[in-house]
Structure formats: C-alpha cells, structure tokens
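Structural characterization, general
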Amino acid sequence: AHRTPAPARRRPTRATLDPVSPPFDVGPLLAPDEPPALETFQADASSPFLLTCDHAGRAVPRRLANLELDDEHFDTHIAWDLGAAGFARALAERLVAPLFLQRYSRLVIDCNRPLDAGDSIPERSGGVEIPANQGLDEGSRRARAQEIFRPYHSAIEAELERRRATGAAVVLVTLHSFTPRLWDRDRPWQTGILSRQDRRLAEPLLAALRAEGWTVGDNEPYAVTPTSDYAVNVYGEALGHPYVELEIRQDLLATAAGQNEWAERYARLLRGAAAPWLG
C-alpha cells in the first residue's frame, strides 16, 4: 500500500494541553471519594502500541447533579461510547499494550476535542439540550478542564515523553464506537478507519478489512478535523507517530463476545499493518 511520509516531529508543550490560564477558584469539581478521570490499564506493558479511549465512561461529578438530565440519557451514545471500554481492554490484552481510559461522560467535557472547540463542553448533543452546560462561566469551564481533561491527557503525554527519552517506538491507536442509527438514518459501516494526512497505518488497515469483506468507512462515519479530534492530531499528526482512530458500530460491541471478537480481529490486523514499527 502507498505510505504517506510522516510529518516532522516536535515535542508536545503544555500549551498543547491547556491553552487557557489556571482555573479561577471555584472549588474542587471532584469530591475526594469520586474516581479520578484517568484509568490506566496495563500501564507497564512494553508494546509499541499505545491505546487511548476518550469516551470510555459515563460518570458525572456529583457536584454537577447529573447535568440536570434524566438518567436515560446516560444509556445512549450522546453520553459515552457504548462498548468501547470493554473492546479497548480486550484489545490491549492481546497487544500487550498500555491503555488510557477516560471515566467521565463526554457531556461533562469531551476529551477528544481541543479545549477551545465549540463543543468541548456541549450545550446540545444528538438533539438533546444539556441544561447544566448552558452559559457556563469561565471558571466552571476551566475547572472541568483542570480536573478531567488535563489529568487524562497529561498521563498520555508523560508516556509519550518516556518513550521519546528511551527511543521506544510509538504506534498510536485511539478507540471509539458509533451509534448504528443517527438522525433517522441507518449507518451501513461495521467499522471505520479515521486519519488525516498521515495514512501510513490507515491504508493497510482499510485494505485488509475490505479484503475480508467488511463494510468499512474511510473517514466515515466521522472525518478527523483539527476541531473535532484531539489525540490523533496532537500525538499523531503533530509528533509524526503512526496512528489510526478506530470506530466500531455499537451494536457489534453490545456483548463481551462481540468485544472479544473485534479485539481478536483488530489485534491481528493492527500487527500486520504496523509491522514496520514493531521490530
């Protein structure tokens, strides 16, 4: 497959993670007994693969009172990527790779958006208005960035810096799931491969999946842009690491069996596509 040259490498900066100044004194967002934003799985694993799952959880800090939403909304795709966390852990086990998962709902703050993106803290999602996100003051926005977005991305950045210092390879894989139906339209893809200019990992994966007969989207059902995605832009494109963003339809990840089936498939295909960087 054609391989796109990697972009020039540069080291990440703190501005990459937090383009705003420290938060106003609005008090802690998370209580001491609430879980931290970051969950690490197999943190000491030695694989060149580095896995992230931005929308793994549906938790909401107690202080935010469920964002003034009914519980039923947190059973849907607007709140988190259903099935993604189980799939991510199963894939990490098979690749013997470290995995970083974000526990809090994307409705609190979306860790797959730059902090200055319009939907970093969405006021509306999937046609649903988020009452507690309407007209937030700057201090409240910064508190969410400080306690949820920053710890998650700081841990990923620290792992990348450790690998840079030791000369270890990085193959970045970000993991997501998508709803089978949106705006009254069925989505035909079983899985999607997302990338931007660097197609080194995306193209062989697309070819392998299509050869096996899967209906796979090339930048479908979503396209990567500077404002709609974070990790693949900041840790992949900007740093020159080979990367891919994987999307799997949520009905295919609804059971542990489905999660394991897709983990087996992607572990095999990722090893083949990433062979040039696996040594």
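Residues numbered from 1 in each chain as written. Predicted model: local features only at pLDDT ≥ 70, side-chain atom pairs only at ≥ 80, totals over all residues. Heavy atoms only, no water.

A short note on the nonpolar core
Counting 41 residues, the largest nonpolar core has Leu67, Leu107, Ile148 and Tyr235 as its most contacted members. Those elements giving two or more residues to this core turn out to be α3 (138-166) and α5 (231-237). Sorting elements by how many residues they give to this core places α3 first, with 7 residues. If we ignore the near neighbours within four places in the chain, the residues touching Leu67 are Val60, Phe74, Leu107, Val108, Ile130, Pro131, Ala132, Asn133 and Arg144. Leu95, Val173, Ala202 and Ala267 belong to the second-largest nonpolar core, a separate cluster that totals 39 residues. (Core = buried A, V, L, I, M, F, W, Y, C linked by side-chain atoms within 4.5 Å. Buried < 20%, exposed > 50% of the residue type's maximum accessible area, 1.4 Å probe, protein only. Helix = DSSP H or I, 4+ residues; strand = E, 2+ residues; numbered from the N terminus. Contact = heavy atoms within 4.5 Å.)

Comments concerning the packing of aromatic side chains
If you walk through the whole model with that rule in mind, you get 5 aromatic pairs. Between Phe149 and Tyr230, the ring centres sit 5.2 Å apart and the planes meet at 85°, which makes this aromatic pair edge-to-face. Here Tyr230 lies in the loop between β10 (216-218) and α5 and Phe149 lies in helix α3, a separation of 81 residues in the sequence. Both residues of the pair, Phe149 and Tyr230, count as buried. (Phe/Tyr/Trp six-rings, centres within 6.5 Å; stacked < 30°, edge-to-face > 60°.)

Some words on the confidence of the model for the protein chain
Looking at the protein chain as a whole, its pLDDT mean stands at 91, while 91% of the residues score no less than 70. Ignoring residues within four places in sequence, the model shows residues 1-24, a span with pLDDT below 50, making 60 contacts including any to other chains. (pLDDT = per-residue confidence, 0-100.)

Quick word on the pairing of strand β11 (residues 243-249)
Of all 7 residues in β11, 7 are buried; the element is thus mostly enclosed. Of the two faces of β11, the one holding Tyr243, Glu245, Glu247 and Arg249 and the one holding Val244, Leu246 and Ile248 are both buried throughout. In terms of strand pairing, strand β6 (residues 171-178) meets β11 through 7 bridges, oriented parallel. Counterpart to Leu175 in the pairing with β11 is Leu246. As paired strands, strand β9 (residues 191-194) and β11 are joined by 4 bridges and run antiparallel to one another. By the bridge assignment, Leu194 is partnered in β11 with Glu245. (Pairing = 2+ DSSP bridges.)

As for the pattern of salt bridges
Counted under the stated rule, the structure contains 18 salt bridges. Of the charged contacts, one joins Arg94 and Glu264 as a salt bridge, the two residues approaching to 3.0 Å between their closest N and O atoms. Placement of the pair is Arg94 in helix α2 (residues 84-95) and Glu264 in helix α6 (residues 256-273), with a sequence separation of 170 residues. Among the residues examined, Arg94 registers a relative accessible area of 22% and is labelled partly exposed. Look at Glu264 and you get partly exposed, because its relative accessible area is 45%. Three or more residues joined by partner-sharing salt bridges are found here, namely Asp110, Arg113 and Asp119. (Salt bridge = Lys/Arg side-chain N within 4 Å of Asp/Glu carboxyl O.)

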